[in-house]
Amino acid sequence: MLRFIWELLRKDKWFYLFVIFVGVATLPLLLFRNTVSGQIVDAVVYNQDYGALYRLLGLLLLATLLRVLLKWWDNMQLEYISQRAAKRLREKMYFKLCKMDFNYFDKTRTGDIMTRMTADADAVRHFIAYVGYALIEQISTFALGLGILFFISWKTTLAILVVAPFVFYFMQRMSKEVHPTFQRVRARHSALNTTAQENISGNRVVKAFAKEDYEIEKFDRVNDGYREANLESNRISSKYLPRFEIAAAMLTVVAILFGGYHVLTGEISVGDLVIINSLLWTVMGPIRMFAWLVNDMQRASASAIKVQEILYMQPRIKTKKRVLSKDKFTGDVEFRDVSFRYEDEVALENISFHVKAGQTVAIIGATGAGKSSLVSLICRFYDVTKGAVLLDGIDVRNVNVRKLRQNISVAMQDIFLFSDTIEGNIAYAKPDVPFSEVERVAKIADAHDFILRFPEGYDTIVGERGVGLSGGQKQRIALARALLKDPAILILDDTTSSVDMETEHHIHQTLREYFKGKTTFLIAHRISTVKDADKILVLDQGRLIEEGTHEELLAKQGYYYDVYQNQLGDFDVHAGKGGAQDGQK
Amino acid sequence: MARNKYDIDEALESEFNLSHLKRLLVYIGRYKKQIGIALSVILASSLFTTTGPTLIKMCIDLLTENAGKGLTPRVVLSIAGILLVFLVISVIGAYFVKKKSRLMAQVGQNIIYDIRRDLFVHLQELPFSYYDARPHGKILVRVVNYVNSLSDFLSNGVINMVTDLFTMLVILVFMLCLDARLTLVCMIPLPVFFLVLFLIRKKQRKAWQIQSAKQSNMNAYIHENIVGMKVTQSFTRETRNLSIFKKICGETMDSWMYAMKFDKVVWPTIDMLSTIGQVILLLFAVPRLGTTISVGTLVAFLTYIGMFWNPIINLSNFYNMIINVMAYLERIFETMDTKPNVTDKPGATEMPPIVGKVEFSHVSFSYEDGVKILKDVNMVVQPGETIALVGPTGAGKTTIINLISRFYDVDGGKILIDGTDISGVTLASLRKQMGVMLQDTFIFSGTIMDNIRYGKLDATDEEVVRAAKVVSAHDFILSLEHGYQTQVNERGSRLSVGQRQLISFARALLADPKILILDEATSSIDTKTELTLQRGLDELLKGRTSFIIAHRLSTIKNADRIMVISQGTIIEEGTHEELMALHGHYYDLYAAQYSFLESVS
């Protein structure tokens, strides 16, 4: 862990040691204050030397001022260095998260990552600001005290060193025993975070099912688990407290026994024994502190491990060393015998098709048939298990991932809006775009009108995930967001399912105009949405079962035909026909 | 609609005040007994620790007398005896230290547990709008991080403060008894200290308030970015976000350093002042030595003054801690004080088992003053009827169903279920009999089995599977790696939206509600699955009053009655055939949809 922290300090490394050194260097100044009173009493009362009084007092004030200033500077620097390190750490973690693939986010709980980026990073900061300093301060005090002792009476010093092995043994044992308890504390902290976070994010469901009591019960469990873990950790560390205290007491006993023997035999003077005694307190202080230091170090170490896990993890989607750095793609997409599985679960099997640049492809199929997986592969959110996805004839794995994604715009079915203004959400891809541009895409997505109906219009802040908006409104904002990017390939994954048919039809009419020349992938359930596509792919359980235009697929009388008949069946023929004619007038 | 985002500091409703302090004392007061024991343990252990040096002094005195005289049994025995006593006392003292540490940890952890629990319980009562109004990370930071920040304050701060105050008073009494005049001289720097505290107090408070807001912002940004990382990556905005994050981290750091500027001023001031106190004492006492002041008194005072300032240094740490903690406490209490918009009225009764008749009588409602969402809505729905609500976005469909589950209270008029005004019944008894399926499904982390069981916690595995079969979710669940035991999480991990909707369908079926509300609940389910689902849906709707908001015509057409909502009122009402015959809004809608399907080339 120390090595990790040392690396984390980067160019502050040596400065950090210097600051600690300065802090330790102020210790003698403190010693001076504690002895000056005695000197004054000696000088004035016994020697009647009033000049010494003013001189010593002046010195005392100066020494204190110097010490206070140094300490103040020192403390501020320690805060500053530790804050910078924490900031750097968080940024590094964030940077790494940006690199991680979808697979990681599919599997990892939000509360867990949260804990690492907040509480764990903070534990590391705390270590740098306080524990690291205290560690060095206490060790040097201990060493200094022992050193002086050694000069006065090396025999006594050697004798009291008998205690040292015990102290080191206790430190080791305690480290070993307390470490797992801190691991448990932070695991429970993570569980607490997860439970609270899910409750907050899922508050609508909790209320809809009136499951507040159950949620409270669940929360009580993790809340209690966290408390118990903390108490358990305290139980272990407090178990060791007396041992260090007793070791410190033993130190005195040995010193007095041994030193006393030499005093009695006349080997050392009483004066020396008095000095030895006072130095003992200097040496005992650190021993008592060791228990706390071990404790704090292990706490920090449990967190540092979790932080490092994030820093050292590797995304599955890797950019190869040598990739094509092509900026613009035309949008020609080919799937060549593609299979894809999540873990052991087959998602797509032997899919082959070819889409020319500028074509519109519609994908339909049952829930879970693999539609979203298929389009995810184009963006390389996941890597294929077998076969290859080619863009302009180049395997997407040979293209710089960022460049690739810049050429593709996706509106995902699972809509996530940020708690930002509507304008900020639409302009997510290009935050610096002029407002007119935002307005333009909002109009295409048929969102402009309802946005203006909000009292604050485009400046309305939408809640996280777009709560507070209806499903259709969210979808239209997400659509506008995707449109702003102006890519070669546009992917709309069930983007208009919550919009009423009339609006949907209107949106797609406009889109067709707008996206002439761009390759468009369209996942939808309504035949009315997909029927005008250049190519329709029908997926069933990960396989491509039908492919062709609306007419071709109808002629086949297969899956697509069935779906069409079903949707047509929604309109009872009589009234429907009439309606149709009316509608076409 | 939301009011806050990650880069806006939240406004504070009410500053930390006396009533907050009183509430905190209530939490602390619950552990009076433990705190009392801890205090007496501290008192006892300080007795022991002070006798230690005296015993050693006795040894040294003995040795001084006998220095160089060789080992005599008397001396050796006495010294051994004294050291034995010393050792025994040290051991006892050590165990007191342990006891104290455990007691303090318990008190601290228990109080934190209580505060966190109360906060969480209160959050459960707060309406959607509270959650919608701010980033979720900002609520989370209160429940988890802010409460944790109280830990040190509660377990160490409070008890230490009491002991420090006590020590200070004892020493003050000693000093006063010895020489009142010298005591006053010693106190001269004290007012300066209070002046310094007073001067920085406001800024220091503000600094910590800013710090807590920045911490909250950072938390919000981290939270939102983890949840929204897929969007970020697909829009390749990583670099931009990283620079925003850097800015936020920078602000958090700056706010911390700003607060530190004040915090770190306190301790050096005291240290300096205590030295000045020492100097003043000496300057005052030395010329008077032998006349009005004895050497012994001076020596005693020099010792006392050191002892007197020590607790003050500790208390100043405590003071810093309080200022810091206030910034968190006021946020915690602010949340606890947020009033839920819908609560049980005094004397609210249990809703009797619902049969299913729902009546709206002259209902009007607005979310914000002046913007009426519903105007004079009247309807009567018979038990078991299925009602489809149709109309453009923003017409008020969702509002109507929100009012039935009493997520909001009506502004005017009444909603009656089985003739009982729902505003007079307890929320829990009402909502427990309703099932609301929202379009935005939420999956909790856990197994699929657990997620379906959320509808009825004591359901057996068989019941869960049966429900899944009815809603045609069974097949896809079995196709997953671990079937019903597959772990899913919050965002539903790789389940498609349609699959998630099926799971929440099963959830609703299991809940067996008397009144069912489906708000765009099947929008992402494909036609084929929907067809098989239809059977399940029929079973789900059988014998229940249900309200359905949907765009899919098949769903609407199967309803017993269709209500067309426009601009906050019901403008058409009837069966599919009746409305078609009417040639009104519904007819237009229907015709338009049909034309989209048929207008091939």
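Above this text you will find the structure in question.
What you see is a predicted model, and the numbers here were worked out from it, not measured in a lab.

A. Broad picture of the overall build of chain B. Within chain B one finds 20 helices and 12 strands. Radius of gyration (C-alpha) of chain B: 36 Å, far over the 25 Å computed for a compact globule of 601 residues. Projecting the C-alpha coordinates of chain B onto the three principal axes gives extents of approximately 120 × 55 × 55 Å. The buried share of chain B, reckoned over its 601 residues, is 60%.

B. Quick look at the overall build of chain A. Secondary structure assignment for chain A yields 22 helices and 10 strands. Here the C-alpha atoms of chain A give a radius of gyration of 36 Å, more than 25% beyond the 25 Å that 2.2 N^0.38 yields for 585 residues. Expressed along its principal axes, the backbone C-alpha trace of chain A runs to roughly 120 × 55 × 50 Å. Residues counted as buried form 61% of the 585 residues belonging to chain A. Of note, chain A has its 73 positive side-chain charges centred 6 Å away from the centre of its 68 negative side-chain charges.

C. Examining the pattern of salt bridges more closely. For the structure on display, the rule yields 56 salt bridges over all chains. For Asp12 of chain A, the salt bridge is made with Arg84 of chain A, and the minimal N-O distance between the two is 2.9 Å. One end of the pair, Asp12 of chain A, is in the loop between helix 1 (2-9) and helix 2 (13-25); the other, Arg84 of chain A, is in helix 4 (residues 50-99), with 72 residues separating them in the sequence. On the basis of relative accessibility, which here comes to 23%, the residue Arg84 of chain A falls in the partly exposed class. We note a salt bridge from Asp461 of chain B to Arg453 of chain B, for which the minimum N-O separation is 2.3 Å. Classification of Arg453 of chain B as buried rests on a relative accessible area of 17%. If you follow the salt bridges from partner to partner, you end up with Glu10, Arg134, Arg142, Arg331 and Glu334 of chain B in one network.

D. Spotlight on the interface of chain B and chain A. At the junction of the two partners, chain B supplies 170 residues and chain A supplies 191 residues. For the chain B and chain A pair, buried surface summed over both sides reaches about 17,100 Å², with 65% attributable to carbon and sulfur atoms. Here chain B is connected to chain A by 10 salt bridges. As a salt-bridge pair, Asp432 of chain A and Arg240 of chain B come within 3.2 Å of each other at their nearest N and O atoms. The leading source of residues in the side of chain B that touches chain A is helix 9 (residues 238-285) of chain B, at 27 residues.

E. Region of the structure containing the sheet that holds strand 2 (residues 345-355) of chain A. Residue and element names in this part refer to chain A. Spatially, 2-1-4-5 is the arrangement adopted by the 4 strands of the open sheet, whose pairing is antiparallel. Either end of the sheet is taken by a strand with one partner, and the two such strands are strand 2 and strand 5 (394-395). Alignment of strand 4 (residues 386-391) against strand 5, held across 2 bridges, turns out to be antiparallel. Bridge pairing in strand 5 places Leu390 opposite Asp395. Of the strands in this sheet, strand 1 (333-342), strand 2 and strand 4 touch helix 12 (residues 371-378), which is tilted by about 120° from strand 1.

F. How the structure looks around the packing of aromatic side chains. Overall, the coordinates contain 38 aromatic pairs over all chains when judged by the stated rule. Members of the aromatic cluster, connected to one another through ring pairs, are Phe102, Phe340, Tyr342, Phe381 and Tyr382 of chain A. Its guanidinium or amino end placed over the ring of Tyr6 of chain B, Lys5 of chain B lies 5.7 Å from that ring's centre, counting from NZ or CZ. Seen from the ring of Tyr428 of chain A, Arg237 of chain B lies directly overhead, with NZ or CZ sitting 4.0 Å from the centre.

G. Structural view of the nonpolar core. Leu89, Leu97, Ile128 and Phe244 of chain A together with Ile115 of chain B are the most contacted members of the largest nonpolar core, which totals 148 residues. Counting residues in each nonpolar core, the second largest holds 96 residues, with Ala362, Ile378, Val441 and Val499 of chain A among its members.

H. Quick peek at the packing of helix 6 (residues 180-187) of chain B against helix 9 of chain B. Residue and element names in this part refer to chain B. The N-to-C vectors of helix 6 and helix 9 enclose an angle of 140°; their axes lie 8 Å apart at closest approach. The angle between helix 6 and helix 9 places the two elements in the oblique class. As helix 6 runs across helix 9, the sense of the crossing is right-handed. Listed contacts from helix 9 to Arg181, Leu182, Val185 and Cys186 of helix 6 are Ile280, Leu281, Phe284 and Ala285.

I. Summary view of unusual backbone geometry. Residue and element names in this part refer to chain B. Residues other than glycine seldom take positive phi values, yet Arg406 does so here, at roughly 60°. Note that Arg406 resides in the loop between helix 11 (397-404) and strand 4 (412-417). The class for Arg406 is buried, based on a relative accessible area of 1%. If you check the backbone angles, Asp418 has positive phi at about 50° while not being a glycine. Structurally, Asp418 is set in the loop between strand 4 and strand 5 (420-421). Taking relative accessible area as the criterion, Asp418 reaches 27% and is therefore assigned partly exposed.

J. Summary view of helix 18 (residues 501-514) of chain A. Here helix 18 of chain A contains 14 residues, and its C-alpha end-to-end distance of 20 Å stays within 8% of the 20 Å for a straight helix at 1.5 Å per residue. Listed in full, the buried residues belonging to helix 18 of chain A are Met501, Thr503, Glu504, His505, Ile507, His508 and Leu511 of chain A.

K. Structural view of the pairing of strand 4 of chain B. All names here are of chain B. Note: strand 1 (residues 358-365) against strand 4, 5 bridges, orientation antiparallel. Within strand 4, the position partnered with Glu359 by the bridge is Leu416. Judged from the 2 bridges that link them, strand 4 and strand 5 form a sheet pairing that is antiparallel. Its bridge partner lying in strand 5, Leu416 is registered against Asp421.

L. Seen up close, the packing of helix 2 (residues 32-65) of chain B against helix 3 (residues 73-125) of chain B. All names here are of chain B. The N-to-C vectors of helix 2 and helix 3 enclose an angle of 160°; their axes lie 8 Å apart at closest approach. Regarding the angle of helix 2 to helix 3, the classification is roughly antiparallel. In this structure, helix 2 crosses over helix 3, and the sense of that crossing is left-handed. In terms of residue class, the contact of helix 2 with helix 3 is built from 24 nonpolar, 6 polar and 2 charged.

Rules used in this analysis
- Residues numbered from 1 in each chain as written.
- Chains lettered and ligands numbered in written order.
- Predicted model: local features only at pLDDT ≥ 70, side-chain atom pairs only at ≥ 80, totals over all residues.
- Heavy atoms only, no water.
- Helix = DSSP H or I, 4+ residues; strand = E, 2+ residues; numbered from the N terminus.
- Rg over C-alpha atoms; globule rule 2.2 N^0.38 Å.
- Buried < 20%, exposed > 50% of the residue type's maximum accessible area, 1.4 Å probe, protein only.
- Lys, Arg positive; Asp, Glu negative; His and termini not counted.
- Charge placed at Lys NZ, Arg CZ, Asp CG, Glu CD.
- Salt bridge = Lys/Arg side-chain N within 4 Å of Asp/Glu carboxyl O.
- Contact = heavy atoms within 4.5 Å.
- Buried area = accessible area lost by both parts, 1.4 Å probe.
- Pairing = 2+ DSSP bridges.
- Axes fitted to C-alpha atoms, helices over the stretch in contact; angles between N-to-C directions.
- Phe/Tyr/Trp six-rings, centres within 6.5 Å; stacked < 30°, edge-to-face > 60°.
- Lys NZ or Arg CZ within 6 Å of the ring centre and 35° of its normal.
- Core = buried A, V, L, I, M, F, W, Y, C linked by side-chain atoms within 4.5 Å.
- Parallel < 35°, antiparallel > 145°, perpendicular 65-115°, else oblique.
- Left-handed = near helix turned anticlockwise from the far one by under 90°.
- Expected span 1.5 Å × (residues − 1).
- Nonpolar A, V, L, I, M, F, W, Y, C, P; charged D, E, K, R; others polar.

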